[in-house]
Structures are given as C-alpha cells and as structure tokens.
Amino acid sequence: MSTITPAGATIPGATHHLADVNGTRLHYVAAGTTGSPILLVHGWPETWWAFHKLIPLLASTHRVFAVDLRGFGDSSNTDGGYDEATLAEDLHHLVGHLGSGPVHALCQDISGGPGFRFASAHPDEVLSLTAIETTLAGYGLESLADVNHGGSWHVGFLGTPGIPEMLLPGHERQLLADWAYPMMTATKDAVTDADIDEFTRSYARPGGWRGTAGLYQSAFFSDAGRTKALTETHPLTVPVLTVDAASAPFTERTFRQVAAGDVTSVRLEGVGHLVAQEAPEALAAAILNFVERVDNG
C-alpha cells in the first residue's frame, strides 16, 4: 500500500492511501499492525473522520481501515453509480486490495445497506458484521422518510434526483453545523468546530453531494423489494453485533430478521445517532469484546 499525503485532517499513527477498485478510486486510512483487520464504513453526514476517535482505541490490538465511500470524503466522485449494490462491491474489491484477509466489517447509519450486501454476497471475506444505528429497506428504513410519523424531511430531500446538487453547494457548513449535527447528536461537545470544518471541506468540493444523493435515492426510493428478496435468499451467516442508541431497538430488530447465525446486541443509553463520534470508548469496548469472541471461535 503506497502512502499519500492527507488532503485534510488526520490522526497520529494513521496513514492515508488510495485504491483503484471497481471503476473508482477510494481513499482510506490505515492504522495498527497486529490483530485481525477491522474495516470501518461511515454514514451520513460523515466521512472516515467519523471514526477518528475510535481508530486509536481499536488499533492498539487490531489492524484498522477506515474508508471514504465513493462520492464521499476524498474518494472519487465522478459520474457513475452510487447505489447500495455498487458500494457493496467497492467494499469487496477494497478488501481484496488490502490483502489482509477477511475483515470484521462495521457500518454506521446509511452504510447499513452496503454493509449488509457486502457481508451477504461475500461471507468468506467477512469475519463479522457490526451494524450501528442502521436498518434496511423493507425492514423499517422507509419509515425514516415518513414525516407524518416521526421521519425527517431530509431523507426525501437528499434522495430526490438533482435537488441536493442544485441547492446544497455553498451551504455545506450551514447544513451540517446549524441543523444536521445538532439534530443527530445528544452528547455535548462530542463534535467540535474542527470536526465540522473537516466534514465541510469534503462535502464542499465539486461534486461533493453525488455520493449522498445516489446512496439515499438507492436506499429509500429505488429498492423495489430487492433488499428484502436478498435477505430471504442470502441471510447473514457471519456473527453480527448490533449497536443501538437513539434509535433503539431499530438496528437489533432489523438484523435479527436478516441473520441466520449468532446476533449480539448492545444498547448505549444517553447517546445520539452518531455513536462513533459521541461514545467512542463505549463503542470500542463493545466491538473489542465481540471481535475477541469471534476471533476465539
């Protein structure tokens, strides 16, 4: 893996890399030198930086990789597909590129769909799947767009073709700092101005909303029953850890329906939606305990 100079913020002990896989270029961060590999996949409105406090806690005993999904962070955002199936195949090809063998995969928020598809289609590449504050199409995801019953306006907004790209450029920090992060988090001072600066930097680049728009459109409005059909024919066979916080018991309820094997569930009280940013120590403890049990068979 060749090392590059980071385009934005970084943390001690982490190196930055690019991987040309599946017709795109992915940016990822690596840390740690021993132990089974853990692959971290961010949600929205995030990039790999969502894990900057979690990575050192895991990297003392594990090799850790945190990726920017295509269209996010410093990964490529050229014209092309940004649907769940494409992002899942990106993860498959990235694991091959890393050459570290099968990984403990972790997905947070909107990356639950790509994470499930990756683990379902390539179980030989996945030691376990950790799902954090997430659900799937056909299992409750659609309810998040129902503004009359507790859903949010931003789901339909972000998933409407052409609208995010037309209205959000130039307003990135305003959206993130004044609305998204205050709405999604419950832990005082967990997200700093410097964190918002880093997220704003990448979302404000040309084409910075393509990944968001494509993923939301695919997950919420273009699924047409495909995810539920996939869960019925290819349920998860790897061990699963679900972590719920503000949305409990959404994640646990979803993944117990789509897993054919062992499911371990953890609930973090008093934590908002973006767990890795708000409660990295508690999350790391849950992950490390689970991963150790899986590694020890």
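All of these numbers come straight from a predicted model, not from anything done at the bench.

Caption draft 1: Expanded view of helix H7 (residues 193-203). The set of residues buried in H7 consists of Asp 195, Ile 196, Glu 198, Phe 199, Thr 200, Ser 202 and Tyr 203. The inward-facing, buried residues of H7 abut helix H6 (172-184), helix H8 (210-221) and helix H11 (275-278).

Caption draft 2: Quick look at the pattern of salt bridges. Tallied over the entire structure, the rule returns eleven salt bridges. For Asp 20, the salt bridge identified is with Arg 25, shortest N-O distance 2.7 Å. The salt bridge partner of Glu 252 is Arg 256, with a shortest N-O separation of 2.9 Å. A residue pair is termed a helical-turn pair when its members lie 3 or 4 positions apart in one helix, as Glu 252 and Arg 256 do in helix H10 (residues 250-258) at four residues. Relative accessible area serves as the criterion here: at 27%, Glu 252 is assigned to the partly exposed category. According to the relative accessible area criterion, Arg 256 is partly exposed, its value standing at 42%. Residues participating in the shared-partner salt-bridge network are Asp 74, Glu 198 and Arg 201.

Caption draft 3: Seen up close, the side chain of Glu 84. Tracing the backbone shows Glu 84 in helix H2 (residues 84-98). A distance of 3.5 Å separates polar atoms of two side chains, one belonging to Glu 84 and the other to Arg 117. In this view, Glu 84 contacts Gly 113, Pro 114, Arg 117, Leu 215, Ser 218, Ala 219 and Thr 227; residues no more than four positions away in its chain are not counted.

Caption draft 4: Fine view of the pairing of strand E7 (residues 240-244). E7 sits mainly inside the fold: five of its five residues count as buried. Covered by surrounding structure in E7 are Val 240, Thr 242 and Asp 244 together with Leu 241 and Val 243, the residues of both alternating faces. Where strand E6 (residues 126-132) and E7 come together, four bridges link them in parallel fashion. Within E7, the position partnered with Ile 132 by the bridge is Val 243. When E7 meets strand E8 (residues 263-267), the two strands line up parallel, connected through five bridges. Residue pairing in the sheet places Leu 241 in a bridge with Thr 264 of E8. Regarding topology, H10 serves as the crossover connection from E7 to the parallel E8, and that connection is right-handed.

Caption draft 5: Up close: the side chain of Thr 242. Mapped onto the secondary structure, Thr 242 falls in strand E7. Here the side chain of Thr 242 touches Ser 265 through a polar contact of 2.8 Å, side chain to side chain. Other than its neighbours up to four places away in sequence, Thr 242 contacts Ala 131, Thr 251, Glu 252, Phe 255, Val 263, Thr 264, Ser 265 and Val 266.

Caption draft 6: The packing of H6 against H7, seen in detail. Two elements in contact, H6 and H7, have axes separated by 9 Å at closest approach and are oriented at 130°. For the element pair H6 / H7, the angle class is oblique. In this structure, H6 crosses over H7, and the sense of that crossing is right-handed. For the pair formed by H6 and H7, the contact residues are Glu 172, Arg 173, Leu 176, Ala 177 and Tyr 181 on the first element and Asp 193, Ile 196, Asp 197, Phe 199, Thr 200 and Tyr 203 on the second.

Criteria and thresholds
Residues numbered from 1 in each chain as written. Predicted model: local features only at pLDDT ≥ 70, side-chain atom pairs only at ≥ 80, totals over all residues. Heavy atoms only, no water. Buried < 20%, exposed > 50% of the residue type's maximum accessible area, 1.4 Å probe, protein only. Helix = DSSP H or I, 4+ residues; strand = E, 2+ residues; numbered from the N terminus. Contact = heavy atoms within 4.5 Å. Salt bridge = Lys/Arg side-chain N within 4 Å of Asp/Glu carboxyl O. Polar contact = N/O pair within 3.5 Å; in protein donor to acceptor, adjacent residues only side chain to side chain. Pairing = 2+ DSSP bridges. Right-handed = clockwise from strand over helix to strand, strands pointing away. Axes fitted to C-alpha atoms, helices over the stretch in contact; angles between N-to-C directions. Parallel < 35°, antiparallel > 145°, perpendicular 65-115°, else oblique. Left-handed = near helix turned anticlockwise from the far one by under 90°.

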